[in-house]
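Tertiary structure, described
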Amino acid sequence: MSAPRVIPAILAFFCILVAAFWPSSGLAQDRERQQVSVGQDAPAILVADDVFLSGDEQLIATGNVEALYDGRRLKAREIKYDRPTERLIVKGPITLQEPDGTMVVLADSAELDRDMRNGLLRGARVVMQDQLQLAAVELARVNGRYNQLFKAAVTSCRICHSDRPPLWQIRARRVIHDQEERQLYFNDAIFSILGADVFYLPRLRLPDPTLDRATGFLVPTIKNSTRLGFGVKIPYFIRIGDHKDLTLTPYISTQTRTIEARYRQAFRTGRIEINGAIGEDDLGVRDTRGYLFGRGNFRLKKGFRLRFDIEAVTDRAYLVEYDISSKDRLDSEIEIERARRDEYIRFATTIFQSVRDGESNSTLPSFVLNGEYEKRRELNGPIGGELRFGTVGHLHRRSSNLNTDGTDLDIFADGRDVSRVTFSVGWHRTSILLFGILARAEAGLDLDHFQINQAGVTSVSSATELTPTVAVELRWPFLKRSNTGARHIIEPVAQVSWVGGSNPDIPNDESTSIDFDEGNLFSTSRFTAPDRRERGYSAAYGLMWTRYGKQGWQSSLAFGQVVRDEEQIDPRGQPSFTNSSGLQDRFSDVLIAGQLKTGNGFMITTRGLFDDGFSTTKAEALASWRSEYASLSATYIWLRSDLAEERPETLSEWAINTSYRFSRHWTAKANWRFNVATDESVRAGLGLIYTNECVEITIEGSRRFTSSTVLEPSTDISINVELLGFSTQTTDKSYVRTCKK
C-alpha cells in the first residue's frame, strides 16, 4: 500500500483516541503509552512526550510523537485534532513508513480532514522502493486514491547535501500518482541531465517502482552498422495480462525497416516464448526478410514433459546480419519425454534447416522422427543384476526425389530416405571382488532392421542384422591421504569385449562424426547410431588419478587406449572410422584428459588425442576464472584436416571472453575469436558499461571479419541508456554512490 493510503489509516486512529479519551480529565504525561481497541479492530499505539487537552475543542500530542497502527509507523513533532472543524494538523518533520518498507513519506507539515480522503502535505518528499524519490512543494491527497505533487522533481539518483544537481531528474508542473493503477502521470515534464534541460514532454506516463510490468515504451537502443546503417530500436511493451505480454520493437535505420516481436505466456503447467521479426531492407537479398524462434516447456499428466522449439529464417544471411544468432543449422523440434527410475520414454519430431554456405536443404535429412523406450528390472537369485529391454525407432527423410546416393559429384542430388528400428535386451551386473576390485559384466542382443528408399545402385533397399555383445570391466580404486590432508584416488581400469555380427551394406547417414573421449572410452561401440557398430574383439584400458586438496583445490588426469583384433572396415572395404577420429587403426590414438580447479574460481580442462608418433589428432582446452570484479573464459580447439568430416583444412582456433570492473561504476568487457590456421581474426568486440543506482549506460562495438558468398564483413556499434528506479531496480548495492561527509 502506498503512503497516501497510510495517512488516513494512521489519522483515523487519532479520531479513535478523541472519542475514547475526550471525556476524561486525566491524560497521559511523561511519555506514557496509550493503547485503544475498538470492536474487532487491531489495537493502536500512541507514544508522545506529552498528551493534553486544550480547552474542550482540541487534543494535542507533542514531543517525539510516534503512532503505530496496523504495522504502519508515523513520526511527527506534534499532532493536533480540532473537533469543531474536524481537521487534523500535523507538524513536522513528519515520517510515514509502510509495513513492508517499500514507501516512505517525508513532509514538513500536513493538514487533513477527518475522513482522511483529502488533505495537503507541505514540503513533501516520497521515497519508493528505497530508490525513486519524488519531491514537491505540496502534496495533495484526493479521494483516497490520488497523490498530486505540485512543482515536483523525480529522480532515482542519490542526492547529497550539496548544490550539485543529480545525474538525471524529471521536473514537472504536476505529477499524479495513481495508487490503484500504480502509475505516475507527468504534466509539462522536462528531462534534465546534470541540471541541463535536454527535452520537454507535455505528457509522460511511467510505472511506479512497485509495478513489475506495465504497458509502455521501454528504453531505446541506438545502433550503427556498416550493413544496416544508422538507426534506432524503440521497444513497446504490452501487458496483456498477469501471465502474458507482447513486446513490439520497430527497428528503423537508413537500410532497414523492421519490426521485432516477443510474446511470452506462463501457464499453470509451463510457459512459452516466441521471438521473431519481419521487414524490408536495402541489402538486395530479397524483398521481405525475417525469422521466427520459439520455445516451450510443459508438465503433462503421469510425469510426462512436453518441450518444443521453433527455428526458421527466410535466408542464410539474416541471423548474422541482424546479430540474432550464429547458428548455421537450425532445428525445430517437438518432444514428449518421461524419465523414471526403471523406465524411459521419448518421442520427438525434428525439422532441420541449414543456412551454411553451399549446403542444399533438399539433400539433407531435414525431417526426422525418433522414438525410444527402455525398461529396467532388477533380478533376484544367483544371477542377480539388472535386465534391460529397449526399443528405438528412427526415420529421416530428404525432400529430394532423385534416386542417387551421393557417392561423387551427385552429392547435391541425393534423395535417400532411411528408417530403422532396433530391439535390444541386455543384462548388467556390478560386483565387488577380492581386494576391493569392482567388476562389471554385461551381455546383450540387438536386432536392427533398416529400410532405405531411393538408395541408388550402391546400397541395398533393406537389411536386418543380429548383434550379440559380451563385455567384462574391472576397476581397482586406491585411496591415499597425504600428510597435508589431500586425498588421492588412483583407479586403473580394463575392459574386454566381443561384438558379433557384421555391418550391413547400408549408407552411413548418422554415425558420420565420432567423438572419442572419456565418456565412451569403455563403451562396446563408439558409433553414435546402430547403422554402424564396432565388431569383433576389443580391449580398452586406462588410468585415472584424482586429487582433492584443501580450500577447494581439485585436479584430475586420465589417459586410455582401445586395442582391437582387427581394423574396422565397412561393407564396401573402406575404413569405418575417419582419419581424424582417433579410432581408425587397430591401436587407437592415446586419449589424455586433465582438469584443474582452484579455490579462487579458476578452472582449466584439457583433452587431446595423440597417435603412435605422439602427433596431435585432436585437442581442445577450456579455461575460466571468475571473481567479484572480473571474469575470463577462453577456449582453444585444434582439428586435423579430414575430407570425410567435411574439413578440407586444419582447424586451429581460440576464443576469449572477458570482463573487468576496474572501478566502482565502470566495467569493461571484450571478446575475440581468432583463426590460428589462417592467421585471421573471425570476430572481435569491445564494451563499456557505466552503472550506478539510477542509470546504466552500455556502449558496445563488434566487428565480424569473415565473408562468404552471402555475407560481407561488418562493424556494429550500439548505445543503450537505461534509467533505473521505475520498473527496473539496482540489485547490486555496490553500485550505489555514497555521499561525502
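So, how was this worked out
- Residues numbered from 1 in each chain as written.
- Predicted model: local features only at pLDDT ≥ 70, side-chain atom pairs only at ≥ 80, totals over all residues.
- Heavy atoms only, no water.
- Helix = DSSP H or I, 4+ residues; strand = E, 2+ residues; numbered from the N terminus.
- Contact = heavy atoms within 4.5 Å.
- Buried < 20%, exposed > 50% of the residue type's maximum accessible area, 1.4 Å probe, protein only.
- Polar contact = N/O pair within 3.5 Å; in protein donor to acceptor, adjacent residues only side chain to side chain.
- Disulfide = S-S within 2.5 Å.
- Salt bridge = Lys/Arg side-chain N within 4 Å of Asp/Glu carboxyl O.
- Core = buried A, V, L, I, M, F, W, Y, C linked by side-chain atoms within 4.5 Å.
- pLDDT = per-residue confidence, 0-100.

1. With respect to the environment of Arg-203
Mapped onto the secondary structure, Arg-203 falls in strand β13 (residues 196-207). For the pair Arg-203 and Leu-134, spaced 69 residues apart in sequence, the C-alpha to C-alpha distance is 17 Å. When sequence neighbours within four positions are dropped, the list of residues in contact with Arg-203 reads Phe-186 and Asn-187.

2. Re the side chain of Asn-520
Position of Asn-520 among the secondary structure elements: in the loop between β31 (487-499) and β32 (536-548). On the basis of relative accessibility, which here comes to 13%, the residue Asn-520 falls in the buried class. With sequence-adjacent residues up to four places away left out, Asn-520 is seen in contact with Asp-515 and Arg-526.

3. Structural notes on the side chain of Ser-253
Among the structural elements, Ser-253 can be located in strand β18 (residues 244-253). Taking relative accessible area as the criterion, Ser-253 reaches 10% and is therefore assigned buried. Side-chain polar atoms of Ser-253 contact the backbone oxygen of Leu-228, separated by 2.6 Å. Leaving out residues up to four positions away in the same chain, Ser-253 has contacts with Leu-228, Gly-229, Phe-230 and Gly-231.

4. Looking at the state of the cysteines
Tallied over the entire structure, the rule returns one disulfide. At a sulfur-sulfur separation of 2.1 Å, the disulfide partner of Cys-157 is Cys-694. What sets the handedness of the Cys-157 and Cys-694 disulfide is the S-S torsion sign, and at about 85° it is right-handed. With Cys-157 in the loop between β10 (146-155) and β11 (168-178) and Cys-694 in the loop between β40 (680-691) and β41 (695-704), this residue pair connects regions lying 537 residues apart in the sequence.

5. Description of the pattern of salt bridges
Summed over all chains, the structure comprises 50 salt bridges. Its salt-bridge partner being Asp-245, residue Arg-213 comes within 3.3 Å of it at the nearest N-O pair. Taken as a pair, Arg-213 in the loop between β13 and β14 (216-217) and Asp-245 in strand β18 lie far apart in primary sequence, 32 residues in all. Among the ionic pairs, Glu-712 bridges to Arg-227, the shortest N-O distance being 3.4 Å. With Glu-712 in the loop between β41 and β42 (714-723) and Arg-227 in the loop between β15 (221-225) and β16 (229-233), this residue pair connects regions lying 485 residues apart in the sequence. Judged by relative accessible area, Glu-712 falls into the partly exposed class, the value being 45%. By sharing partners, the salt bridges in this structure join Arg-227, Asp-281, Arg-289, Asp-315, Glu-321 and Glu-712 into a single network.

6. Side note on the nonpolar core
The nonpolar side chains of a soluble globular protein tend to be buried, and buried together. Within the largest apolar cluster, 42 residues are counted, with the highest numbers of intra-cluster contacts made by Leu-134, Trp-168, Val-175 and Phe-186. The contacts of Leu-134, once residues within four sequence positions are left out, are Ala-124, Arg-125, Val-126, Met-128, Leu-149, Ala-153, Val-154, Val-175 and Leu-184.

7. Looking at the confidence of the model for the chain
Averaged over all residues, the pLDDT of the chain equals 86, while 90% of them reach at least 70. A low-confidence stretch, residues 1-40 stays under pLDDT 50, and its non-local contacts, those more than four residues away or across chains, total 102 contacts. Throughout residues 406-413 the model reports pLDDT below 50, and contacts reaching past four residues in sequence, or to other chains, amount to 13 contacts.

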